[in-house]
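Chain and residue survey
Here's the letter readout for the chains.
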Amino acid sequence: RRLVDEHLRREGVARPLIVTDRGLAALPILAEFRSLLPGVAAAVFAGVHGNPTASQVGAGVEAYREHRADAVIGFGGGAALDVAKAVALMAVHAGEVLEYAWDHPRSRAVANALPHFVALPTTSGTGSEVGRSSVISEDGTRVKRIVFSPALLAKAVFADPELTLGLPGGVTAATGLDALTHNVESYLSPAWHPMCDGIALEGARIAARALPVAVREPGDLAARTDMMMASLMGAVAFQKDLGAVHSCAHALGTVADMHHGLANGIMIDHVMRFNAPAAPQKMAELARVCGAGTTAGDFVAWLGRLKRETGIPARLGEAGITAAQVPALVAVAVKDTCHQTNPRSCSAEDFGRIFAEAI
């Protein structure tokens, strides 16, 4: 992060807007970061909270224009980085941000050059800092929409594991399970991409060893560094595609506003148990690299142990989800595109059983 000021000045940036979340804005880490930017006149938009929404993006664009900004700095976890990308997009485009989602009935094209955008992740989970998409929820329905364009890629990423040293154990665990899920699901996707498979397997291996240490010993810089790398690798690998764990997580975010990483963490072993008959060899390989055993069943059992070790709830009921919510969860999950590349076809009835068994 000490290199950011030099980078911005070299690129001719004078008035960046830092996009971050409410929690980080109140911590010394943001003030320290701003002190490292003596060469620019930076302002802060700290209106990100929970799962990012279109209204948060709109407020960020207003802040960008009020500051007469010429660049965007994303500083935070996945939500802050996704909003930062969308603010950069909408600073130079007309209309509403969700009109740029790929599945909008009259989707607008990303036609203009975006302001200079740099990313500083403070969690190791989403990998949004190296992604070319922004996930933004509708304000009313909470349905997640994806704005996708190579133009959203950061011009520079400053992946500093020291920024994650102060993360609480619960956040470390939830974001870490998100990173692991990205690697696991991209590897299991039936799409053909050997390069992504290699990255995903190594990312899973790194996360399996580093995550328990990062949760147990939050000041362990080596573990934090490994988790940041596993997160980056997962985000690169899932360009190949994801699976039904993410469809379940997107449904939980929509219906219950659950943190995305926590949702992935709760659901991963339940979905992997469903997937095992369709991908026994690949899941056995995941078991091997994660040090969990030699079979798909070993992998599923290990995921359960990892959740216990890191404090992730074993079941949805422990997170307040009830059986009465299952129909609504199924309705969202079955419409989500991620499960289209799950190794086992997943119908509405299948989602119903997965959610019910996970309660």
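The structure this text deals with has already been given above.
In what follows, the accompanying structure is described.

**Remarks on the sheet that holds strand E2 (residues 43-48)**
Taken in spatial order, the five strands of this open sheet run E2-E1-E3-E4-E7, and their pairing is parallel. Of all strands in the sheet, those with a lone pairing partner are E2 and strand E7 (156-157), marking the two edges. Sheet topology note: the strand E4 (residues 116-121)/E7 ladder contains two bridges and is parallel. Across the sheet, Ala119 pairs through a bridge with Val157, a residue of E7. Across the sheet, helix H5 (residues 78-90) touches strand E1 (16-21), E2, strand E3 (71-76) and E4, and the angle it forms with E3 is around 170°.

**Some details on the packing of helix H7 (residues 194-216) against helix H11 (residues 280-289)**
Angle between the axes and distance between the axes: these two values describe a pair of packed helices. Running from amino to carboxyl end, H7 crosses H11 at an angle of 45°, the nearest separation of the two axes being 9 Å. Here H7 is positioned oblique relative to H11, judged by the angle of their axes. The way H7 lies across H11 gives a crossing that is right-handed. Only Lys282, Glu285, Leu286 and Val289 of H11 make contact with H7, whose side of the interface consists of Asp197, Leu201, Ala204, Arg205 and Arg209. Here the contact of H7 with H11 is built from residues that sort into four nonpolar, no polar and five charged.

Analysis parameters
Residues numbered from 1 in each chain as written. Predicted model: local features only at pLDDT ≥ 70, side-chain atom pairs only at ≥ 80, totals over all residues. Heavy atoms only, no water. Pairing = 2+ DSSP bridges. Helix = DSSP H or I, 4+ residues; strand = E, 2+ residues; numbered from the N terminus. Contact = heavy atoms within 4.5 Å. Axes fitted to C-alpha atoms, helices over the stretch in contact; angles between N-to-C directions. Parallel < 35°, antiparallel > 145°, perpendicular 65-115°, else oblique. Left-handed = near helix turned anticlockwise from the far one by under 90°. Nonpolar A, V, L, I, M, F, W, Y, C, P; charged D, E, K, R; others polar.

These figures come from the coordinates and say nothing about function on their own.
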